[in-house]
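Single-letter residue listing:
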Amino acid sequence: MKKTLNHTVVPWFILTSSLVLGYLCSIVTEFNWNFSIALALILTLAILYRNNFGKPHVAVARTLLGLLFMFSGFVKGIDPLGTQYQVQDYFSAYGTTWANPLSMMLSLALITAEFVVGVALILNLRISVTAWITVLMMGFFTITTWLDATIYSDKITDCGCFGKAITLSNWQTFFKNLVLNIWVVILFFGRYRIRNTFSLKNEVVMATLITILFLSFQFYNLRHLPVIDFLDWKVGVKLNPPKTEPVTYLFTYKNKETQDVHEFDSKNLPADLSTNWEFMETTIIDPNPRNLMIPIFDNNSEDGYDVSDFVADYPGYFFILAVNNLKKAKLKNMDKIFHLKDFASQHDHQFMFLFDLNTSEKGIKKFRNSADRNDFDIYFSDDKSIKAIVRSNPGLILLHDGVVVKKWAWRDLPTVEKIQELMK
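The following refers to the structure shown. These numbers come from a predicted model, not from an experiment.

**As for the pattern of salt bridges**
Part 1: Overall, the coordinates contain eight salt bridges when judged by the stated rule.
Part 2: Residue Asp 89 is joined to Lys 384 by a salt bridge in which the shortest nitrogen-to-oxygen separation is 3.7 Å. Placement of the pair is Asp 89 in helix α4 (residues 80-94) and Lys 384 in helix α13 (residues 383-387), with a sequence separation of 295 residues.
Part 3: When its relative accessible area of 25% is taken as the criterion, Asp 89 is described as partly exposed.
Part 4: Owing to a relative accessible area of 54%, Lys 384 belongs among the exposed residues under this scheme.
Part 5: A salt bridge links Lys 407 to Asp 229, with the nearest nitrogen and oxygen atoms 2.7 Å apart. Within this pair, whereas Lys 407 is found in strand β8 (residues 403-409), its partner Asp 229 is found in the loop between α8 (200-223) and β1 (248-255), the two being separated by 178 residues in sequence.
Part 6: We classify Lys 407 as buried; its relative accessible area is 10%.

So, in structure tokens, the structure goes:
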């Protein structure tokens, strides 16, 4: 009876509990003592009963880890430039900006390793080695996300674990990694119960082929735009959607006599509010889609006012050539850019040159000289906002009535004829 309990009931209880805790990670966004204790308890049980997991338990843990690693690597592989930006944010937080030139290489290596390990877990490729790599990777991820949640929370708000496909808070990410560590314990101590499916030669060939194919996939997304756009400014999105649902304001007060805390809406405030209640906070519940417009400043005027509302609400076609770093921008297609600008002017469409706020006067002057014309104004936004709307430097965005119609990387800029076909 005891043997059945230790080798069947307890292992399945640990696995089932880990799945429940994994689901709860989507709800618990901040540090929670009860949730932390529950995670620590199940992880401790997994370690204590590490030798009691059989082949079915190890197979479940291996499959779950493999699928998650593959998904994480795939969504980051769609947008390797976004992962590079995230790595640079880490370098900035850790005070190691001298390593920025290595950020792209590190991003590609991390994304590829994560995806290949995921495939290796699913296909059961050399599991004894793969299990060790998984332990090392999860150890690194767990320590990093612990630092994000405790020390660098003001500098790192999103680890980018799932690119822009899924955004988690720092504590959610750390808790998620603790859940994964439960499966890692099961996999690592049960790795000898799994037999290799393929010969060593075939495994090397398969791993090499997967690596080459996935690297090629990433390079394609780097040379063009991501094949799946997870950014806010994706095709079909309205930048400033109308607010059709009422916004609710909830006010939290503490009773001065009883110390009870209550939440009221604006229509049900107590009569003795000013005398017996102490204000604590306001909660705003807005069910409407959020405004996706970035701040855009007109530095051509003395006031330097924000023109973002004009862009979002413009009734017609609006081109934006976004340049997040003029020094590194690929401006080989200047003729095509200005053909499009002239086309826009001739047909009463808007065409905006949008540069990073840190662009120097010298750089702007050089850009105007290279264009050999001065019949255009330049507008500005911060580099992070520009990077968050298009993954190309420069990138072209076409809006119509405030809706994103199409986006292009600099090497894929359309001809006037293609724009006319698109407008039809």
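**Here we look at the sheet that holds strand β3 (residues 277-285)**
Part 1: Taken in spatial order, the three strands line up as β2-β1-β3 in an open sheet, and their pairing is antiparallel. At either end of the open sheet lies a strand with only one pairing partner, and these are β2 (261-265) and β3. Shown here is a sheet whose adjacent strand axes are inclined to one another by a mean of 25°, direction ignored.
Part 2: One ladder, built from eight bridges, connects β1 with β3; its direction is antiparallel. Among the inter-strand pairings, Thr 248 is bridged to a residue of β3, identified as Ile 285.

**A look at the side chain of Thr 83**
Part 1: On the secondary structure map, Thr 83 appears in helix α4.
Part 2: Not counting residues within four places of it along the chain, the set of residues in contact with Thr 83 comprises Lys 76, Ser 107 and Ile 111.

**Some details on the pairing of strand β7 (residues 395-400)**
Part 1: Counted residue by residue, β7 has five buried out of six residues, so it is predominantly covered.
Part 2: In this sheet, β7 lies alongside strand β4 (residues 317-323) in antiparallel orientation, the contact comprising six bridges. Across the sheet, residue Ile 320 finds its bridge partner in β7, namely Ile 397.
Part 3: In this structure, β7 lies alongside β8, joined through six bridges in antiparallel fashion. Within the sheet, the bridge partner assigned to Leu 396 lies in β8 and is Trp 408.

**As for the packing of aromatic side chains**
The geometry of an aromatic ring pair is captured by two quantities: the separation of the ring centres and the angle between the planes.
Part 1: Throughout the structure, instances matching the rule amount to 31 aromatic pairs.
Part 2: Between the aromatic rings of Phe 31 and Trp 33, the centroid separation amounts to 5.0 Å while the plane-to-plane angle is 85°, which identifies the pairing as edge-to-face.
Part 3: With relative accessibility at 37%, the residue Phe 31 sits in the partly exposed group.
Part 4: Taking relative accessible area as the criterion, Trp 33 reaches 64% and is therefore assigned exposed.
Part 5: Three or more aromatic residues joined by ring pairs form one cluster here, namely Phe 31, Trp 33, Phe 35, Trp 146, Trp 171, Phe 174 and Phe 175.
Part 6: Seen from the ring of Tyr 85, Lys 387 lies directly overhead, with NZ or CZ sitting 4.5 Å from the centre.

**Some remarks on the state of the cysteines**
Part 1: Under the criterion given, the structure shown has one disulfide.
Part 2: Looking at Cys 25, it has no disulfide partner, and the nearest cysteine sulfur is the one in Cys 161, 12 Å off.
Part 3: For Cys 25, a relative accessible area of 5% corresponds to the buried category.

**Some words on the side chain of Gln 172**
Part 1: Relative to the assigned elements, Gln 172 resides in helix α7 (residues 170-189).
Part 2: A polar atom in the side chain of Gln 172 sits 2.9 Å from the backbone oxygen of Cys 25.

**Focus on the environment of Asp 232**
Part 1: Residue placement: Asp 232 occurs in the loop between α8 and β1.
Part 2: Considering only alpha carbons, one finds Asp 232 and Ile 156, 76 residues apart in sequence, at a separation of 19 Å.
Part 3: When neighbours within four sequence positions are excluded, Asp 232 is seen to be in contact with Val 237, Arg 290, Leu 292 and Ala 388.
Part 4: In terms of polar contacts, Asp 232 uses its side chain to reach the side chain of Arg 290, at 2.8 Å.

**Let's talk about the sheet that holds strand β5 (residues 350-356)**
Part 1: Read across the sheet, five strands follow the order β6-β5-β4-β7-β8 without closing on themselves; strand pairing throughout is mixed. Edge strands, defined here as strands with exactly one partner in the open sheet, are β6 (378-381) and β8. Going across the sheet, the axis of each strand differs from the next one's by a mean of 25°, ignoring polarity.
Part 2: With six bridges joining them, β4 and β5 adopt parallel strand pairing. In the sheet register, Ala 322 faces β5, and the bridge partner there is Leu 354.
Part 3: Across the face of the sheet, helix α12 (residues 361-371) comes into contact with β5 and β6 while running at roughly 140° to β6.
Part 4: In this fold helix α14 (residues 416-423) packs onto β4, β7 and β8, with an angle of close to 155° to the strand it touches most, β8.

Scoring rules and cut-offs
- Residues numbered from 1 in each chain as written.
- Predicted model: local features only at pLDDT ≥ 70, side-chain atom pairs only at ≥ 80, totals over all residues.
- Heavy atoms only, no water.
- Salt bridge = Lys/Arg side-chain N within 4 Å of Asp/Glu carboxyl O.
- Helix = DSSP H or I, 4+ residues; strand = E, 2+ residues; numbered from the N terminus.
- Buried < 20%, exposed > 50% of the residue type's maximum accessible area, 1.4 Å probe, protein only.
- Pairing = 2+ DSSP bridges.
- Axes fitted to C-alpha atoms, helices over the stretch in contact; angles between N-to-C directions.
- Contact = heavy atoms within 4.5 Å.
- Phe/Tyr/Trp six-rings, centres within 6.5 Å; stacked < 30°, edge-to-face > 60°.
- Lys NZ or Arg CZ within 6 Å of the ring centre and 35° of its normal.
- Disulfide = S-S within 2.5 Å.
- Polar contact = N/O pair within 3.5 Å; in protein donor to acceptor, adjacent residues only side chain to side chain.

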